[in-house]
Amino acid sequence: MDSTTATTDNPRRRPLPELERRLRELDDHARGLERELAQQRSELAWSSDRLVAEVYQRHELVVDAESARKFDAASGLPNRASFVRCLEELLAQPAQSGEPAALIVVGIDRLSHVRESLGFAMADQVARVIGERLRQAVQGSAQVARVGDDEFALVLTKLRVSPDVAAAARRLIEVVDRPMREGEHDLRMMATIGIALSPQNGTQPEMLLARAQAAMRFARDNGTRLYQFFSAAIGQSAARRLRLESELRRAIDRSEFTVHYQPRCRLRGRRVSGVEALLRWNHPERGTIAAGEFIDVAEETGLITPIGDAVLRQACSDAAQWPDQVGLSVNLCTREFRGARLDSIVHRALADSGLHPGRFLIELTEASLLGAIGDTDVTLARLAALRQSGVRVVLDNFGTGACSLDLLRRCRAEYVKIDSQLIRRLNVDADVLAIVRAIVALARHFGAGVIAEGIEDPAQLAAALRAGCLEGQGYHLGRPVTARQMSALLAPRRGAAAAKASAALAGP
């Protein structure tokens, strides 16, 4: 290799422009590395911050999950599962000391009405208020929890005698009963209380809670603003109720329910003007059971909805085969009428059967219209919507109980059915006769016909006529019969044959 080539390859002897180009390339590469390093540092810092945030978020979720497992979201009180765990510890302490303990279940009778009429948010707010009132009433001396949608519970320890518990129950009833103002609504709840004592009524938390709930239901069935201690008789009643609920569920699966029909007649001439559909249960062991023996359990458990749907469809199908001048009356309970699907159920039953809406009458009691909190207007609006399709309304059992004369004006029912308690006393009490005549006059003023309910003998029939009633029901006019028997009664007959069939259905 010659000396000229060696001198040219030496970088120090390269031309200046080439050296400057190489220097710029190295500078650019260095700056690129610095940018990559800065980006990696930024990503690392972001990842670090994100990791910290996710750690905190996970901690919050764990806390929230733990809270959800232990507390009721609406009231902030311990839930049923948490209460049962706490109850085990609380019951162990009195058991060791020999002191009795009391488990109290507070049923809020109208909270479900608030939920149905004013929405879940309002019901949750009411639940929070009630929970706070209960906590303040016991002043931290007892564990308070929400153990159901409409039920709260608390346990009292260090008791001397049962009067201590009774006094506490009365205080809790008064606390719940106080008026409350929520938004634009003035609300007033009502409490029913069940009490189970330990160790007398048991020492296992779930059993004690179930027995307190059974006592509460017993008190509720016998009126409001009451408290009830658990007893063996209540336990037997609760067991029968549980067995009845189980049998009702099987009866739905086996299609054991049927419909009987009681005629509604013109009092002059006794011509059938309509029929009332009456639910019957063909029990495989007990035979035919009237609705009064099981309807309360069906309503409380929600089973009335599938039962009522099937009965409604069957009744419309039967009535569509009868003469056009014969109307069909169907009783609706409070739960059915407030159900969101009622309108569609009625319209579908009418459409499927071909029964004209003008022949269909909904029977509702005063209690079902007035017993709700703040939703009477909503209920009446739903009635008005049904009536626009041609359906007619019967105000049932009118004249006794929580009688509201203004309901005649607001409801605009096509018929008012006077309660049988009044009809039975028409012949023996002049004041009752005056009351019935006044109801008849008011009903006619508002364009409603009047039906006398529960006519059982000729004297009551004559008295109902004197009072101004034009139509009536009762065993004297016709007993409940099957669809086939009613078809025979409504079929065209002549002379003695028709009279004989009518008399046979009316009974003695």
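> I'm lost on the overall build of the protein chain in this one. Help?
Looking only at helices and strands, one finds 20 helices and 16 strands in the protein chain. Expressed as a percentage of the 508 residues in the protein chain, the buried residues total 44%. By sequence separation, contacts in the protein chain at least 24 residues apart represent 69% of the contacts at least 6 residues apart. Total accessible area on the protein chain is roughly 26,900 Å²; 51% of this is exposed by carbon and sulfur atoms.

> So what exactly am I meant to see when it comes to the environment of Gly194 here?
Take Gly194: it is sitting in strand S6 (residues 191-198). In this structure the C-alpha to C-alpha distance between Gly194 and Met216, which are 22 residues apart in sequence, comes to 3.6 Å. Excluding residues that lie within four positions of it along the chain, Gly194 makes contacts with Leu103, Ile104, Val105, Ala212, Ala215, Met216 and Gln228.

> Is there a simple way to think about the sheet that holds strand S7 (residues 227-229) in this case?
Sheets are built from strands that pair by backbone hydrogen bonding, the pairs being arranged parallel or antiparallel. Spatial ordering of the open sheet is given by S2-S3-S1-S6-S7, a layout of five strands whose pairing is mixed. The open sheet has two edge strands, strand S2 (143-148) and S7, and neither has a second partner. Geometrically, the sheet is characterised by an average inter-axis angle of 20° between neighbouring strands, direction not taken into account. In this structure, S2 lies alongside strand S3 (residues 151-156), joined through five bridges in antiparallel fashion. Note that in S3 the partner of Val144 across the bridge is Leu154. Here helix H7 (residues 205-221) sits on the sheet in contact with strand S1 (101-108), S2, S3, S6 and S7, set at roughly 145° to S6.

> Just checking my understanding: could you explain the side chain of Gln473 for this structure?
Position of Gln473 relative to the elements: it lies in the loop between strand S16 (471-472) and helix H19 (483-490). Separated by 2.7 Å, the side chains of Gln473 and Lys417 make a polar contact. Residue contacts for Gln473: discarding those within four places in its chain leaves Gln262, Pro263, Arg264, Glu276, Lys417, Ile451, Ala452, Glu453, Gly454 and Ile455.

> Even after reading the chapter, I still don't get unusual backbone geometry, so can you show me in this structure?
For residues that are not glycine, phi is negative in most cases, and the peptide bond is trans in most cases. The omega torsion across Ser198 and Pro199 is 15°, close enough to zero to call that bond cis. Here Pro199 lies in the loop between S6 and H7. A positive phi angle, near 55°, is found at Ser255, a position not held by glycine. One can find Ser255 in the loop between helix H8 (232-254) and strand S8 (257-266). Backbone geometry places Arg270, a non-glycine residue, at a positive phi of 60°. Overall, the relative accessible area of 34% leaves Arg270 in the partly exposed class.

> Got a minute to help me understand the side chain of Asp72 in this structure?
By the element assignment, Asp72 lies in the loop between helix H2 (16-70) and helix H3 (80-97). Looking at Asp72, its side chain comes within polar contact range of the side chain of Ser75, at 2.7 Å. Sequence-distant contacts of Asp72, defined by excluding residues within four places in its chain, comprise Leu77, Pro78, Asn79 and Arg146.

> So what exactly am I meant to see when it comes to H7 here?
Within an α-helix, residues lying three or four positions from one another point in the same direction, as the helix has 3.6 residues per turn. Here H7 spans 24 Å end to end across 17 residues, near enough to the 24 Å set by a 1.5 Å rise per residue. Along H7, the residues classified as buried are Pro205, Leu208, Leu209, Ala212, Gln213, Ala214, Ala215, Met216 and Ala219.

> Any chance you could explain the packing of helix H4 (residues 111-118) against helix H5 (residues 120-138) here in plain terms?
Helices that pack against each other are described as a pair by the angle of their axes relative to one another and the distance between those axes. Where H4 meets H5, the axes come as close as 7 Å, and the angle between the chain directions of the two elements is 150°. What the angle tells us is that H4 and H5 run roughly antiparallel. Facing Leu111, Val114, Arg115 and Leu118 of H4, the residues of H5 in contact are Phe120, Met122, Ala123 and Val126.

> Would you mind showing me how to read the environment of Pro78 here?
The topology assignment puts Pro78 in the loop between H2 and H3. Pro78 sits 66 residues away from Val144 along the chain, and the two C-alpha atoms are 7.2 Å apart. Contacts of Pro78, omitting those with residues within four sequence positions, involve Lys70, Phe71, Asp72, Gln143, Val144, Ala145 and Arg146.

> What is the right way to read the packing of aromatic side chains from this model?
Centre distance and the angle of the planes are the two values used to describe a pair of aromatic rings. For the coordinates displayed, the defined rule picks out five aromatic pairs. Relative to Phe294, the ring of Phe257 has its centre 5.8 Å away and its plane inclined at 50°; by these criteria the two rings are tilted. Taken together, the positions of Phe257 in strand S8 and Phe294 in the loop between strand S10 (287-290) and helix H9 (295-301) put the pair 37 residues apart, joining distant regions of the chain. Overall, the relative accessible area of 1% leaves Phe294 in the buried class. Ring geometry for Trp281 and Phe294: centres 5.4 Å apart, planes at 85°, overall edge-to-face. In this pair, Trp281 sits in strand S9 (residues 272-283) while Phe294 sits in the loop between S10 and H9, placing the two residues 13 residues apart along the sequence. The same class applies to Trp281 as to Phe294, namely buried. What links up through ring pairs into an aromatic cluster is the set Phe257, Trp281 and Phe294. Seen from the ring of Tyr415, Arg264 lies directly overhead, with NZ or CZ sitting 5.2 Å from the centre.

About the cut-offs
Residues numbered from 1 in each chain as written. Predicted model: local features only at pLDDT ≥ 70, side-chain atom pairs only at ≥ 80, totals over all residues. Heavy atoms only, no water. Helix = DSSP H or I, 4+ residues; strand = E, 2+ residues; numbered from the N terminus. Buried < 20%, exposed > 50% of the residue type's maximum accessible area, 1.4 Å probe, protein only. Contact = heavy atoms within 4.5 Å. Areas by Shrake-Rupley, 256 points an atom, 1.4 Å probe, with all protein chains shown as cover. Pairing = 2+ DSSP bridges. Axes fitted to C-alpha atoms, helices over the stretch in contact; angles between N-to-C directions. Polar contact = N/O pair within 3.5 Å; in protein donor to acceptor, adjacent residues only side chain to side chain. Expected span 1.5 Å × (residues − 1). Parallel < 35°, antiparallel > 145°, perpendicular 65-115°, else oblique. Phe/Tyr/Trp six-rings, centres within 6.5 Å; stacked < 30°, edge-to-face > 60°. Lys NZ or Arg CZ within 6 Å of the ring centre and 35° of its normal.

Everything listed here is a matter of geometry and, on its own, says nothing about what the molecule does.
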